[in-house]
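Here is what each chain is made of, one letter per residue.
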Amino acid sequence: MENSAVEERPKWDNKAQYLLTCIGFAVGLGNVWRFPYLCQIYGGGAFLIPYLIALVFEGLPLLYLELAIGQRLRLGSVGVWNSISPLLGGLGIASSIVSLLVSLFYNTILAWVLWYFFHSFQNPLPWSSCPLNVNRTGYNVECEKSTPVDYFWYRETLNITDDIEISGSLQWWMVLCLVSAWFIVYICAIKGIDSIGKAVYVTSTFPYLVLTIFLIYALTLPGATDGLVYLFTPEWSTLLNPQVWLDAATQIFFSLSVAFGGLIAFSSYNTERNNCERDAVLVGVINSATSLYASIPVFSILGFKANNAFLSCINENILALTNEFEMPDQNITVDNYDHWVNYLNQTYPDQFSKVPLNDGCDRQKFLDESVSGTGLAFIAFTEAVIAMPGSQVWAILFFVMLFSLGLSSMFGNMEGVLTPIRDLKVLPKWLPDEIFTGNSIVFILCCAVALIFALGSGNYWVEVFNSYVGSVPLLIIALFELIGVIYIRGMKTFSDDIYFMTGRRPNIFWKACWMVISPLLLLVVFIFYVAVQARKHPTYPAWNPDYVDFPKTETKSYPDWVFAIIVLLCSVPVIPIPLMAIYRLTRRIMRRSSHHADLNPYNNYAFEG
Amino acid sequence: MLDKILFLLCLASALADERCMPAGRDLMLLMLQYVWNENEMFLFRASLAFAMRNHMNGQQFEVSNIIVCNETMRVSFWFIVTSPLDTSQLIDQENVEAAIRQSRNRINSAFLLTDKTLEFVDILPTLATLYTHPTPPWLIVFGVVMGAVSAGIIIMLVSSVVQKKRKPQDEDDDEETRVKTVENGDAHDGIHNMSFSEDERFTKM
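Residues numbered from 1 in each chain as written. Chains lettered and ligands numbered in written order. Predicted model: local features only at pLDDT ≥ 70, side-chain atom pairs only at ≥ 80, totals over all residues. Heavy atoms only, no water.

Novice: If you had to explain the UniProt feature "binding site: Na(+)" (unreviewed entry) in chain A to someone new, which residues and values would you point to?
Specialist: Residues and elements named next belong to chain A. Taken from the UniProt record, the annotation "binding site: Na(+)" (unreviewed entry) applies to Gly24, Ala26, Val27, Asn31, Ser255, Asn287, Leu405 and Ser409. Maximum C-alpha separation among the annotated residues is 12.4 Å over a sequence range of 386 residues, consistent with a single clustered spot. In this structure, Gly24 sits in helix 2 (residues 15-26). A residue is classified by how much of its surface remains accessible, and Gly24, at 3% relative accessible area, is buried. Discounting residues that sit within four places of it in the chain, Gly24 has contacts with Ser204, Leu405, Ser408 and Ser409. Relative to the elements of secondary structure, Ala26 occurs in helix 2. With relative accessibility at 4%, the residue Ala26 sits in the buried group. Setting aside chain neighbours within four positions, we find Ala26 in contact with Asn31, Ser255, Leu256, Ser257, Val283 and Asn287. (UniProt positions renumbered as here; feature names shortened; annotations may be inferred. Helix = DSSP H or I, 4+ residues; strand = E, 2+ residues; numbered from the N terminus. Buried < 20%, exposed > 50% of the residue type's maximum accessible area, 1.4 Å probe, protein only. Contact = heavy atoms within 4.5 Å.)

Shown next as structure tokens:
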């Protein structure tokens, strides 16, 4: 049943599905566990200034560009760039490769979230206490030296090896969780936007519900206000540090999920006359607003955790003093602790010096401990949850929220891979389409390759992929996208496109951004990023129980073969760009010399060379 | 109030005082905010007598056999245990220790405390093993979730195959109308250059 390309292309059922899908793609785990961290280390409220500037001058223009070009040319990322110029064909392939590589490790994080979710149905929570050692004379040594939460994450979840070179074996429980995660993504994304469009009604809205619940609850916890004050107190001096601006620009760029090709794919399923300008601004603003909204409960909970740590530290000291000096209970309290310490030190110095007191009981010190990424979700938060009444409920809510956030981002990642495969018609015709063979094959392959992340050293590999695949290639792709649309397609043609779609030409702000400001910003970010990365030989934190300073992580440098893989990960996605250009160029030269007219109706480029 | 008790006890157990020191066991209430009075002390002595009775079968220990001394303002004191048969005879340390270990849980429960908050100095608590489930609960949740998802996938695949099988019956009717609509669409649609693809379609028919 061959139809014309117009009718075959799927469509969104309604505008809400499209918007929810784009928002879900942009709003991901990074909004919850990266943005609050950046706010914390870069002087709280002051960080919002470079962040919003980066959003307005870099994020929104890129977003608008991708949505507009996808909607106009109505093709996936590969088709779009082929249409603009055959020399740019490699750009779409680069996007697809990046989407594929990111999907692989991103789903592993979802597998970890699933593992924690499965374990939240127990009382007491398994990460609340240490297991006993072999002869039952005491607690497990590794757990005692670190914390039960650390132990559960590094040993019982990951069973991590102490070096990236030691691969360990496949952890069967992690394989199960990984397969589950891929199955869930499969069932939601298998029918393309028909199924994704329905799934996002839940996966894109549920996180907001949970964030609101956590917001209300976390604000009632003791110590929450300390965390919030700490977060939002602006430290204006950080604005003088160029690293802050760099991180703001980088954060906006990665947070909006541009250059993956997923956004182009999603907008290509739109009707032609859709106001993509408004969509772009909406998605960008909602993404940043979500980051801000999420940081409030995150910081309330971190403040609560810091308060707990401080109180237990002080109470330990109070107990030690009370036992040593045999005073009645409640003589020393948290409030008069300092006064008592001074008094006892002066009156009974010898006896006082014998008491083992913990000197590090400083509220500020506990607040200063900053965590991001998996450390925030699986260590800091799980520890906080133990102290909340009704821990299981909060844990379940939290992990389902994380899973929804990640799942909706996975849809975009997979679409960046599946749409080009369908548009390119790579798969042979004899494969039956009823069981979505093309998509199924991709999923099975992805799942099989992703098993490397279920090895003992899996976490180290996720870090490698996260740092190198999801960073430099994307910057390069975005830069070429800007150049491709604005300079190769031409600002005038693009303005006409937008006029056709929305009824107005883009105003001076968009033009200025596209032509000058955004490329410049991207170039600066790219140069600084590479410079910072290349300055030192890359290292990684290893969890080594035999390390001298255990439970601190040991900083090891990557061995050479891993370094080679890193270079490959950075370069393989971007190599198609020059390769395809060279290939098309040579073909055109050879074709011209043989006077053969190519009447391919789909590629609308003027064929005079 | 506490001073009075101390005083009384000192008077009453003047005889036993010398014996209290070397063989005494130390107890400490570590939890802050515990109200301690003579009734609690009585409860403690009674529970200790219970523990001794449990351990040494047959001997009827009474509250009077548990002698306490050296109380401090901090809820901590020493105690010794005398034999019920002969009050001048002290029960040796190992027996007392064993008795306390055996009935530790009951003594804790009498005060609604735990091993962490009620400490017998030099008697380390035996660590209770955490309850290990026969089937780990996480596997059960995993099974439920995976079962639902697998069922969903199978239903979806089967339904799409069934739908595809039903479609050829409707195709013949739609062919002509479909041709017409596409032709009309061509007239208005100036963007997509369909002239070559039309040929493909007709020839395949």
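From this point, the discussion proceeds with the structure in view.
Novice: Now, about the nonpolar core: what can you tell me, with residues and values included?
Specialist: Counting residues in hydrophobic clusters, the biggest one holds 184 residues, and the most contacted among them are Trp182(A), Phe399(A), Phe494(A) and Trp514(A). Among the elements that take part in this core, helix 7 (residues 89-119) of chain A stands out by supplying 18 residues, more than any other. Ignoring sequence-local partners within four residues, the contact set of Phe399(A) consists of Val113(A), Tyr116(A), Phe117(A), Ser120(A), Trp127(A), Ala377(A), Phe378(A) and Thr382(A). In terms of nonpolar packing, the next biggest core, distinct from the first, is built from 25 residues, Met56(B), Val68(B), Phe77(B) and Leu113(B) among them. (Core = buried A, V, L, I, M, F, W, Y, C linked by side-chain atoms within 4.5 Å.)

Novice: Just give me the short version of the environment of Met156(B), but keep the residues and values in it.
Specialist: Locating Met156(B) in the fold gives a position in helix 6 (residues 137-188). On the basis of relative accessibility, which here comes to 12%, the residue Met156(B) falls in the buried class. Met156(B) has contacts with Ile187(A), Ile190(A) and Lys191(A), leaving out every residue within four places of it along the chain.

Novice: Requested: an account of a negative patch on the surface, with residues and values cited.
Specialist: Residue and element names in this part refer to chain A. Together, Asp362, Asp368, Glu369 and Glu383 make up a negatively charged patch on the protein surface. Its place among the elements puts Asp362 in the loop between helix 18 (349-354) and helix 19 (363-368). Take Asp362: its relative accessible area is 38%, and that puts it in the partly exposed class. (Patch = residues over 30% accessible without salt bridge, like charges linked within 9 Å, V, L, I, M, F, W, Y side chains within 5 Å. Areas by Shrake-Rupley, 256 points an atom, 1.4 Å probe, with all protein chains shown as cover. Salt bridge = Lys/Arg side-chain N within 4 Å of Asp/Glu carboxyl O. Lys, Arg positive; Asp, Glu negative; His and termini not counted. Charge placed at Lys NZ, Arg CZ, Asp CG, Glu CD.)

Novice: Can you lay out the pattern of salt bridges for me, pointing to particular residues and giving the numbers?
Specialist: Applying the stated criterion across every chain yields a total of 13 salt bridges over all chains. Glu62(B) is paired through a salt bridge with Arg53(B); the nearest N and O atoms lie 3.3 Å apart. Relative accessible area serves as the criterion here: at 41%, Glu62(B) is assigned to the partly exposed category. Connected through shared salt-bridge partners, Arg72(A), Glu272(A), Arg489(A) and Asp497(A) make up one network.

Novice: Account for the packing of aromatic side chains, with residues named and values stated.
Specialist: When we look at a pair of aromatic rings, we describe it by the centre distance and by the angle of the planes. Residues and elements named next belong to chain A. The tally for this structure, following the rule as stated, stands at 58 aromatic pairs over all chains. Consider the rings of Trp172 and Trp173, whose centres lie 5.8 Å apart with planes at 85°: the pair is edge-to-face. Given the relative accessible area of 15%, Trp173 is considered buried. An angle of 70° between the planes, with centres 5.2 Å apart, marks the rings of Phe253 and Phe254 as edge-to-face. For Phe254, a relative accessible area of 25% puts it in the partly exposed group. Over the ring of Phe366 we find Lys365, and its NZ or CZ is 5.1 Å from the ring centre. Stacked on the ring of Tyr499, the Lys or Arg Arg505 has its end atom at 4.8 Å from the ring centre. (Phe/Tyr/Trp six-rings, centres within 6.5 Å; stacked < 30°, edge-to-face > 60°. Lys NZ or Arg CZ within 6 Å of the ring centre and 35° of its normal.)

Novice: Which residues make up helix 26 (residues 560-571) of chain A, and what are the values?
Specialist: All names here are of chain A. For helix 26, spanning 12 residues, the distance from its first C-alpha to its last is 16 Å, which sits close to the expected 16 Å at 1.5 Å a residue. For helix 26, the full list of buried residues reads Val562, Ile566, Leu569 and Cys570. The arc that holds every buried residue of helix 26, seen down its axis, measures 95°, which confines them to one face. Buried residues along helix 26 sit in contact with helix 7, helix 23 (458-468) and helix 24 (472-502). (Expected span 1.5 Å × (residues − 1). Arc of directions from axis to C-beta.)

Novice: Quick one: what's the story with the side chain of Ser180(A), residue by residue and with numbers?
Specialist: Along the polypeptide, Ser180(A) turns up in helix 10 (residues 172-189). Using a relative accessible area of 0% as the deciding quantity, one classes Ser180(A) as buried. Beyond its immediate stretch of four places on either side in the chain, Ser180(A) contacts Leu114(A), Phe142(B) and Met146(B).

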